[in-house]
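# Structural description and commentary
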Amino acid sequence: MTRAAQLFLKADMLDRGAHLNAVGAIAPDREEFAQDVFDRATRVAVDNLPGVQQLSREFMTRYASRGWDEVLPLSKLIAQGRRRSDTDDVSLFKAMGMGISDLALGAELVRRARERGLGRDSPSRRR
């Protein structure tokens, strides 16, 4: 996950068959990957299409003028039973975040770290 304001990942950095989880830049003033990643993406999925259409700079640049037909909501991809094939190059998933699931994952990671004696407590922030 990143808060990248400028792209740092280009298509030639990805191996054939790679999967890219783009989960960081979720504001229109930020981007993580170059447009050439889309050229190699044989599968493009998102968790929230309206959110991506309004907030993802990479996706807005790519699809706003050409249409969004190539972008599938993850739920539809799963419902269709679509799987990767040997002919797929790069698959791409853009997650805009689903607050409660992000919080649940964070709580689980903290629980596991404490169980294993990892990490350290930090004082609560005060305004």
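Now for a description of the structure that goes with this document. Quick caveat, the model's predicted, so the values are computed rather than measured. (Residues numbered from 1 in each chain as written. Predicted model: local features only at pLDDT ≥ 70, side-chain atom pairs only at ≥ 80, totals over all residues. Heavy atoms only, no water.)

Take Asp-88: it is sitting in the loop between α4 (74-79) and β4 (90-94). Given the relative accessible area of 7%, Asp-88 is considered buried. Counting along the chain gives 16 residues from Asp-88 to Leu-72, while the straight-line C-alpha distance between them is 16 Å. What Asp-88 contacts, discounting residues up to four positions off in sequence, is Arg-16, Thr-42, Arg-43 and Arg-83. At 3.0 Å, the side chain of Asp-88 forms a polar contact with the side chain of Thr-42. (Helix = DSSP H or I, 4+ residues; strand = E, 2+ residues; numbered from the N terminus. Buried < 20%, exposed > 50% of the residue type's maximum accessible area, 1.4 Å probe, protein only. Contact = heavy atoms within 4.5 Å. Polar contact = N/O pair within 3.5 Å; in protein donor to acceptor, adjacent residues only side chain to side chain.)

To continue, consider the environment of Arg-84. Looking at the element boundaries, Arg-84 is found in the loop between α4 and β4. Sequence separation between Arg-84 and Gly-97 is 13 residues, and the spatial gap between their C-alpha atoms is 23 Å. Within the structure, the side chain of Arg-84 is placed 3.0 Å from the backbone oxygen of Gly-17, a separation counted as a polar contact. Engagement of the side chain of Arg-84 in a polar contact is seen with the side chain of Ser-91, the distance being 2.7 Å.

Attention now moves to the sheet that holds β4. Judged by pairing direction, the sheet is parallel, and its 4 strands sit side by side in the order β1-β4-β2-β3 without closing on themselves. Only two strands of the sheet have a single neighbouring strand rather than two, namely β1 (19-22) and β3 (72-73). In this sheet, β3 lies alongside strand β2 (residues 41-46) in parallel orientation, the contact comprising 2 bridges. Residue Ala-45 lies in a different strand from β3, and its bridge partner there is Leu-72. (Pairing = 2+ DSSP bridges.)

Scanning all chains against the criterion turns up 10 salt bridges. Salt-bridge contacts for Arg-40 lead to Asp-89; the nearest nitrogen and oxygen are separated by 2.8 Å. Placement of Arg-40 in helix α1 (residues 36-40) and of Asp-89 in the loop between α4 and β4 is noted, with a sequence separation of 49 residues between them. Looking at Asp-89, the relative accessible area reads 11%, which means it is buried. Each member of the salt-bridge network shares a partner with another, and the members are Glu-108, Arg-111, Arg-112 and Glu-115. (Salt bridge = Lys/Arg side-chain N within 4 Å of Asp/Glu carboxyl O.)

With 21 residues, the main nonpolar core has Phe-33, Val-44, Phe-59, Tyr-63, Trp-68, Val-71 and Leu-92 as its most contacted residues. If you list the elements that add at least two residues to this core, you get β1, α1, β2, α2 (49-55), α3 (57-63) and β4. Per element, the largest residue contribution to this core is 3 residues, and it comes from β2. For Phe-33, the residues in contact, after removing those within four places along its chain, are Leu-7, Leu-9, Leu-20, Ala-22, Phe-38, Glu-58, Phe-59 and Leu-92. Among the nonpolar cores identified, the runner-up in size contains 5 residues, and Leu-72, Leu-77, Phe-93 and Ala-95 belong to it. (Core = buried A, V, L, I, M, F, W, Y, C linked by side-chain atoms within 4.5 Å.)

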